[in-house]
Amino acid sequence: MTGDGERMLGGLLEASQLAAMEDLPGLVAEYGRLTGFSQTVIYVADLQQRMLVPLAGRHDVFREPLEPIRIDATMAGRAFRSVEIVQARHMLDPAAPETVRASPAGHGPHRMWVPLLNGTERIGVLEVTVPQGSEGVALLAGRLALLVSLLLISKGPHSDSYTRLVRAQPMTLSAEVLWNLLPPRTFADDRVVVSAALEPIYEVGGDAYDYAIDGDTLHVSIFDAMGHDAAAGLTATIAMGSARTSRRQGKDLPATSEAIDAVIAEQFTGRFATGVLADLDLRTGRLTWVNRGHHPPLVIRGGQQVATLSGVPDPPMGFGLGLSTGLLRYQLEPGDRLLFYTDGIIEAQSPDGQVFGLERFIDFIVRREADGMSAPETLRRLIQTILERQRGRLQDDATVLMVEWRTKRQQHLILENARVPVPQEAT
């Protein structure tokens, strides 16, 4: 790294220690200029991952406030979707913004869009104009984007202005509570990728998902509580909290589901939740689970569905009826995609009454896998497709959780690509 690069990253890190979220755009622009970076803009994805929204404080070359950018069908969106640096060969001349001048590959100023990532979780895109396109410049821009991502993650939870920025509309009380408890929608290490999607984001009622790593075990759970109101949200929240408490006390899956059953029955009359609680051994791919009245998980392998993890489901949680089937088992293979979902996914209906259905759901996942699409982008497009079919209004909560179990070599390649995205040129 050049001396200017060290001063840029080190100076930004030091200056950010006592900075608020609102200070970040100015600080990034200030320290970016040390390496010749100009017109630096931070864009963050809205909650539905439809738009890239600029942080306040930056303007375009016309000195006008920046507008949100669509994630689909734009170069900035391409950087977000594919997790790679995108470079523009043509750009506005700051000295004459009404004209456009060509910039051959590798020569002259380039505009870059660099993904903002927290591990493999996509936060947004950093737009920066660089003196010229080169591998070294792209590497430095990628490292700046990594630092910006860490600053957004550390300061975002304490900033109401940031929270308002990424929301397109107000949240219901139930959704507000739930979203503050859910884990990030994407997580990855060298053995597994976990991705989740949940709609309607602003009015979610009784759906919830959870996951956590404990040594060599991945804990995964999905819940669907009765109803679509604040009580349903509270039921799902209690189920998730009880599951966390039980697993952290070392209880096995059957005992954990029984604890959830008991606490729902204690707190409510006539309320219940279906769900699947699962453990994946990350060394061997051995999956164990308990199904409490929920849709069975699916296994996708090599471009096709190879298993429906069915069995006689135990009763939903909240009735106090106890277990009959208990613990179930399945052996995954490296590269398998494991799908958990709620009925809002497969029962989503178009205005003419056409149901999305299990077959279409599976086909969508398989086709995206065949295209080499990442799990987070697959689920983003799935939810967008379902919303479009229902003209933006779901009849029920729709949640899907995807787990990819991978060999260390497979995941190493994914993480390396995420750390320093590969520059791609766009005309």
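Above this text is the structure in question.
Reading the values: rules and limits
- Residues numbered from 1 in each chain as written.
- Predicted model: local features only at pLDDT ≥ 70, side-chain atom pairs only at ≥ 80, totals over all residues.
- Heavy atoms only, no water.
- Pairing = 2+ DSSP bridges.
- Helix = DSSP H or I, 4+ residues; strand = E, 2+ residues; numbered from the N terminus.
- Axes fitted to C-alpha atoms, helices over the stretch in contact; angles between N-to-C directions.
- Contact = heavy atoms within 4.5 Å.
- Buried < 20%, exposed > 50% of the residue type's maximum accessible area, 1.4 Å probe, protein only.
- Phe/Tyr/Trp six-rings, centres within 6.5 Å; stacked < 30°, edge-to-face > 60°.
- Lys NZ or Arg CZ within 6 Å of the ring centre and 35° of its normal.

A.B. asks: In this structure, what is going on with the sheet that holds strand 12 (residues 217-225)? I would like to understand it.
C.D. replies: Think of a sheet as strands paired side by side through backbone hydrogen bonds, with each pair either parallel or antiparallel. Read across the open sheet, the five strands follow the order 11-12-13-14-17; overall the sheet is antiparallel. In this open sheet, the two strands that pair with only one neighbour each are strand 11 (207-214) and strand 17 (328-331). Averaged over all pairs of adjacent strands, the angle between their axes in this sheet comes to 15°, without regard to strand direction. Two elements, strand 11 and strand 12, share eight bridges in a ladder whose sense is antiparallel. Note that in strand 12 the partner of Ala208 across the bridge is Phe223. Strand contacts of helix 7 (residues 230-248): strand 11, strand 12 and strand 13 (273-281), with the helix running at about 15° to strand 11, the strand carrying the most contacts. In this fold helix 8 (residues 253-267) packs onto strand 12, strand 13 and strand 14 (286-292), with an angle of close to 25° to the strand it touches most, strand 14.

A.B. asks: Sorry if this is basic, but what is going on with the environment of Arg164 here?
C.D. replies: One can find Arg164 in helix 5 (residues 160-165). For Arg164, a relative accessible area of 58% translates into the label exposed. Measuring from C-alpha to C-alpha, the distance between Arg164 and Asp46 comes to 9.6 Å, with 118 residues separating the pair along the chain.

A.B. asks: Would you mind going over the packing of aromatic side chains with me for this structure?
C.D. replies: To describe a pair of aromatic rings, one takes the distance between the centres and the angle between the planes. Across all of its chains, the model carries three aromatic pairs by this definition. Aromatic pair Phe187 and Tyr211: ring centres 6.2 Å apart, planes at 35°, arrangement tilted. One end of the pair, Phe187, is in strand 9 (residues 186-188); the other, Tyr211, is in strand 11, with 24 residues separating them in the sequence. Lying across the ring of Phe364, Arg368 places its NZ or CZ 4.7 Å from the centre.

A.B. asks: Looking at this model, I keep getting lost on the side chain of Thr256. Mind explaining?
C.D. replies: Among the secondary structure elements, Thr256 is positioned in helix 8. Relative accessible area serves as the criterion here: at 2%, Thr256 is assigned to the buried category. Apart from residues lying up to four places away in sequence, Thr256 is in contact with Ala243, Ser246, Arg247, Lys251 and Leu277.

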